Amino acid sequence: WLLALAFPMGVIGVNAVTVHFFAYLTDMRFTTQTAILMTMTVYLAALVVKLPLGFIAERVPVRYCLAAIFILMGIGLVLLTFIGDNKPALFLTAFIMGFGWGGQPLLVGLTWANYYGRMSQGGVQSISTPITAIRSPSGAILAGLWYDRNGSYQGIFMAFMATQALAVVLALLALPPKKGSPST
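Residues numbered from 1 in each chain as written. Predicted model: local features only at pLDDT ≥ 70, side-chain atom pairs only at ≥ 80, totals over all residues. Heavy atoms only, no water.

A. Quick look at helix 2 (residues 32-48). An ideal rise of 1.5 Å per residue puts 24 Å on 17 residues; helix 2 measures up with 24 Å between its terminal C-alpha atoms. Considering only its buried residues, helix 2 is in contact with helix 1 (2-27), helix 3 (50-57) and helix 5 (87-116). (Helix = DSSP H or I, 4+ residues; strand = E, 2+ residues; numbered from the N terminus. Expected span 1.5 Å × (residues − 1). Contact = heavy atoms within 4.5 Å.)

And the structure:
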């Protein structure tokens, strides 16, 4: 259950940021070209991280890998919120966010397999997928409502930093089940 809470907490803000990223950057007075380049950078970093993270996750306990990507996403949110007009820092932020965001889908499947076995994938996915489908757009909707009410993303991004921190704690607390226990 800790993992079932960690995953949505860990990605709600990042999903929202990816939806609102372009608008946020142009609101921060970055050019359209810069906003496009940074959006592409997030997606490129998300693609590039998958191969090395796959190898790392086979050698390091997956809960530590989860905590690491949640930390990266949180750092990205902090940097994005307080970046000002610093283009090099924005570029670094886009990479950090992309690395964290791109690692999440890979680690979800690996986590469920490591914790509950390959034979349980159908049951676990049948429960977690509807939750994910409901949760995925909620951050973007909350961010949009916040922006419409307040004219800024700052407050909601700070709230999403808190969800990232909670996701890190939950991931670290989620010890794998012992062999032979009813959950394995």
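B. View of empty space enclosed by the protein. A full pass over the atoms with the stated rule returns one cavity of 30 Å³ or more. Taken as a whole, the largest cavity encloses approximately 30 Å³ of empty space. Lining the largest cavity we find Val17, Thr18, Phe21, Thr39, Val42, Tyr43 and Met97. Mapped by element, the contributors of at least two residues to the lining of the largest cavity are helix 1 and helix 2. Considered class by class, the residues forming the lining of the largest cavity number five nonpolar, two polar and no charged. (1 Å grid on protein atoms, 1.4 Å probe; cavity = no way out; pocket = protein on both sides within 12 Å on 5 of 7 lines; lining within 4 Å. Points joined across faces, edges and corners; volume = space filled by probe spheres on them. Nonpolar A, V, L, I, M, F, W, Y, C, P; charged D, E, K, R; others polar.)

C. Broad picture of the nonpolar core. With 49 residues, the main nonpolar core has Leu25, Leu66, Phe70, Leu80, Leu107, Phe157 and Phe160 as its most contacted residues. When contributions to this core are tallied by element, the ones reaching two or more residues are helix 1, helix 2, helix 3, helix 4 (62-82), helix 5, helix 6 (121-150) and helix 7 (154-173). Apart from the residues lying within four places of it in its own chain, the contact partners of Leu66 are Leu3, Phe7, Leu107, Thr111 and Ala171. (Core = buried A, V, L, I, M, F, W, Y, C linked by side-chain atoms within 4.5 Å. Buried < 20%, exposed > 50% of the residue type's maximum accessible area, 1.4 Å probe, protein only.)

D. Expanded view of the pattern of salt bridges. Following the criterion strictly, the structure yields one salt bridge and no others. Across the pair Arg59 and Glu58 runs a salt bridge whose closest N-O atoms are separated by 3.7 Å. Exposure remark for Arg59: the relative accessible area of 61% places this residue in the exposed category. (Salt bridge = Lys/Arg side-chain N within 4 Å of Asp/Glu carboxyl O.)

E. Quick peek at a nonpolar patch on the surface. Taken together, the side chains of Phe22, Ile36, Leu37 and Met40 make up a nonpolar region of the molecular surface, amounting to roughly 370 Å² of accessible area. Residue placement: Met40 occurs in helix 2. A residue is classified by how much of its surface remains accessible, and Met40, at 52% relative accessible area, is exposed. (Patch = residues over 30% accessible without salt bridge, like charges linked within 9 Å, V, L, I, M, F, W, Y side chains within 5 Å. Areas by Shrake-Rupley, 256 points an atom, 1.4 Å probe, with all protein chains shown as cover.)

F. A look at the side chain of Arg63. Tracing the sequence through the fold places Arg63 in helix 4. Buried and without a salt bridge, Arg63 has Glu58 as its closest oppositely charged side chain, separated by 18 Å. Of note is the side chain of Arg63, whose polar atom sits 2.3 Å from the backbone oxygen of Leu172. Excluding residues that lie within four positions of it along the chain, Arg63 makes contacts with Tyr115, Ala171, Leu172, Ala174, Leu175 and Pro176. (Lys, Arg positive; Asp, Glu negative; His and termini not counted. Polar contact = N/O pair within 3.5 Å; in protein donor to acceptor, adjacent residues only side chain to side chain.)

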